[in-house]
Amino acid sequence: MSDKKGMFIDTSVCTGCKGCQVACKEWNKLPMADEIGLTGNSYDNTGSLSAVNWRHVKFIEQFSDDRSQERWLFMTDSCKHCQQAGCMEVCPTNAIIRTEFDTVYIDHDICIGCRYCVSGCPFGVISVDDIKGTAQKCTLCYDRLQDGQQPACAQTCPTDCIQFGDVDDLMKQADTKLELLKLNGNSEANIYGKSDVLGGLNVFYLLMDQPSVYALPENPQLPSKKQAKSYFMSVFGLIGIGLVGLLTFRANRMKQMAEDQHQIQG
Ligand code: SF4
Ligand code: SF4
Ligand code: SF4
């Protein structure tokens, strides 16, 4: 057994009850949001992950134009505890660390609230709490893991949608479940978070449709990769501008020479 702990989120059995959200708030003593209100366009009133919502159950509510047909998908979302974590890569104070459970944890004593990690995470997971002045996200209940317990959300989930354990074992379970779903005609079902996604997500998902349907990026990138790409784009851009300038100069020069010759002959 490895020390790599994580979660298999089986969205095929999520009922959208939000028990996991409540358990997270309660265990981690996260306050209510300042404003509570109906969004007006969804049964989900949380909207997104935030400094005070480390877990959020996404509601994907699909209706036909005449609203006679409908489909509901749910996905309980949180930090993915990525193998290649963009947040860790950009943190200037090394406040974001990898724990003995291979999870990604923010040390609030070292965090200076600079917000680099907010833009470094390709999943929009981290927010800075304006009152505490530090970055906030799911810890995979680090305190509970140290105590030999499973995370609060996993313990609470009534349908076993959130399964906690050894990542390699969980991935085998997910593969078996995926096979079963496909046999039952769920052709779009897929696993999101294998090694092709940032080296693997310790918190990975069995989805019932394509990742984009759940607003998950198809090909999330590390900040360094994005930077390298924009660097090359800038270099090629500069070369292009230089070439255009050179060609324009050459054309003007040729034109001038032709005019001079014409005057001499005249
Ligand atoms: S999901 Fe975002 S916050 Fe969580 S480990 Fe990955 S990059 Fe960091
Ligand atoms: S693992 Fe713990 S901190 Fe993370 S979402 Fe679940 S309850 Fe919240
Ligand atoms: S993951 Fe479990 S607890 Fe959370 S909404 Fe789905 S069924 Fe409810």
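Residues numbered from 1 in each chain as written. Chains lettered and ligands numbered in written order. Predicted model: local features only at pLDDT ≥ 70, side-chain atom pairs only at ≥ 80, totals over all residues.

(A) Geometry of the site of ligand 2. Of all residues adjacent to ligand 2, which total 14 residues, the nearest are C24, C138, C141, P151 and C153. Broken down by secondary-structure element, the contributors of at least two residues to the shell around ligand 2 are α1 (19–27) and α5 (152–156). Here the residues of the shell around ligand 2 are counted per class, giving 10 nonpolar, three polar and one charged. (Near = placed C-beta within 6 Å. Helix = DSSP H or I, 4+ residues; strand = E, 2+ residues; numbered from the N terminus. Nonpolar A, V, L, I, M, F, W, Y, C, P; charged D, E, K, R; others polar.)

(B) The arrangement of the site of ligand 1 in detail. Neighbouring ligand 1 are 13 residues; C79, C82, C87, V104 and C121 lie closest to it. Residues of the shell around ligand 1, tallied by class, amount to nine nonpolar, two polar and two charged.

(C) Representation of the sheet that holds strand β10 (residues 203–207) in the model. Taken in spatial order, the four strands of this open sheet run β8-β1-β10-β9, and their pairing is mixed. Edge positions in the open sheet fall to β8 (162–166) and β9 (190–192), since each of these has one partner strand only. With strand direction ignored, the average angle separating the axes of adjacent strands in the sheet is 25 degrees. Pairing of strand β1 (residues 5–10) with β10 involves four bridges; the strand directions are parallel. The residue of β10 that forms the bridge with D10 is L206. (Pairing = 2+ DSSP bridges. Axes fitted to C-alpha atoms, helices over the stretch in contact; angles between N-to-C directions.)

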